[in-house]
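What the coordinates show
Now for the letters of each chain:
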Amino acid sequence: MQGNLTDVAIEHFADDGTFPNNSLPVVIYRRAVAAPSPEAMEAVFDQNGWPSAWRYGVYEFHHFHSTAHECLGVARGSARLQLGGPEGRVFEVVAGDVIVLPAGVGHKNLGSSADFLVVGAYPPGASADLLKGEPGERPGADERIAQVALPKTDPVGGQAGPLLSKWA
């Protein structure tokens, strides 16, 4: 099930005034799951201590979560995701890729294949809110983001995964 733990990209996104982003980097695992499927993604996340929570896509509007870090596992298809809010960067993702977003990092689907499907996961006990960068969301969002605990495991590599050192 588990694939590549060496092709890992680290991306930093600064606060743009609307989207807080985070001082922690986004971690993108390319081809993390060798034979991607919804069930395979769920199994990898569940066995590594990030309970799988949903199957869907990625919303086609900029949004972020202030109460949880989020893991997105591309189970099928491909997409162009903009990370970091409107001032962020665009990434092509394909089945097997896993993206770990620290709380506060903006993300949006700019276009995807018809079969695009993501499995979402969060650290144990976490649940995500949905914020769109609208007036009045901050500073409350900033306060919640600062209180989100670091995860105890990496959703792809468990206790030995690179997320733990990248977020130390």
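Now for a description of the structure that goes with this document.

The rules we used
Residues numbered from 1 in each chain as written. Predicted model: local features only at pLDDT ≥ 70, side-chain atom pairs only at ≥ 80, totals over all residues. Heavy atoms only, no water. Core = buried A, V, L, I, M, F, W, Y, C linked by side-chain atoms within 4.5 Å. Buried < 20%, exposed > 50% of the residue type's maximum accessible area, 1.4 Å probe, protein only. Helix = DSSP H or I, 4+ residues; strand = E, 2+ residues; numbered from the N terminus. Contact = heavy atoms within 4.5 Å. Salt bridge = Lys/Arg side-chain N within 4 Å of Asp/Glu carboxyl O. Pairing = 2+ DSSP bridges. Axes fitted to C-alpha atoms, helices over the stretch in contact; angles between N-to-C directions.

Note on soluble globular proteins: their nonpolar side chains tend to be buried together. In this structure, Tyr29, Phe45, Val98 and Val100 are the most contacted members of the largest nonpolar core, which totals 19 residues. Mapped onto this core, the elements with two or more residues apiece are strand S2 (22–29), helix H1 (38–47), strand S4 (70–76), strand S7 (98–101) and strand S9 (117–121). Examining the composition of this core, we find that four residues originate from one element, H1, more than from any other. Leaving out residues up to four positions away in the same chain, phenylalanine 45 has contacts with Trp50, Cys71, Gly73, Val98, Val119, Ala121 and Pro155. Core analysis: the next-biggest nonpolar cluster, separate from the first, contains 16 residues, Ile28, Phe91, Ile99 and Phe116 among them.

So, on to the environment of arginine 80. In this fold, arginine 80 is placed in strand S5 (residues 78–83). In this structure arginine 80 comes out as partly exposed when scored by relative accessible area, which is 35%. Counting along the chain gives 42 residues from arginine 80 to proline 38, while the straight-line C-alpha distance between them is 19 Å. Ignoring any residue separated from it by four or fewer positions in sequence, one finds arginine 80 in contact with Val90, Phe91, Glu92, Lys108, Asn109, Leu110 and Gly111.

Here the structure, examined in full by the defined rule, presents nine salt bridges. For arginine 30, the salt bridge goes to aspartate 97, with nearest N and O atoms at 2.9 Å. Within this pair, whereas arginine 30 is found in the loop between S2 and H1, its partner aspartate 97 is found in the loop between strand S6 (89–94) and S7, the two being separated by 67 residues in sequence. The exposure classification of arginine 30 matches that of aspartate 97, with both residues buried. With its nearest N and O atoms 3.5 Å apart, the salt bridge here joins glutamate 39 to arginine 55. Here glutamate 39, found in helix H1, pairs with arginine 55, found in strand S3 (residues 52–56); they are 16 residues apart in sequence, far enough to count as distant. In the salt-bridge network here, residues are joined through shared partners; they are Asp15, Arg138 and Asp142.

Before going further, it helps to examine the environment of glycine 96. With respect to the helices and strands, glycine 96 occurs in the loop between S6 and S7. Its relative accessible area of 0% is what places glycine 96 among the buried residues. On a C-alpha basis, the gap between glycine 96 and isoleucine 10 in space is 17 Å, while along the polypeptide they are 86 residues apart. Among residues more than four places away in sequence, those in contact with glycine 96 are Tyr29, Arg31, Ala32, Val33, Pro36, Met41 and Val74.

One open sheet accounts for six strands, arranged S1-S2-S7-S4-S9-S3; its pairing is antiparallel. Edge strands, defined here as strands with exactly one partner in the open sheet, are strand S1 (8–13) and S3. Ignoring strand direction, the axes of neighbouring strands in this sheet form an average angle of 20°. Sheet analysis places S3 next to S9, joined by four bridges and oriented antiparallel. By the bridge assignment, tyrosine 56 is partnered in S9 with valine 118.

Below, the discussion takes up the sheet that holds S5. Two orientations exist for strands paired in a sheet by backbone hydrogen bonds: parallel and antiparallel. One open sheet accounts for three strands, arranged S6-S5-S8; its pairing is antiparallel. Each edge of the sheet is formed by a strand with only one pairing partner; in this case those strands are S6 and strand S8 (107–112). For this sheet, the mean angle separating the axes of adjacent strands, direction not counted, is 30°. Both S5 and S6 contribute to a ladder of six bridges, which runs antiparallel. Note that in S6 the partner of alanine 79 across the bridge is valine 93.

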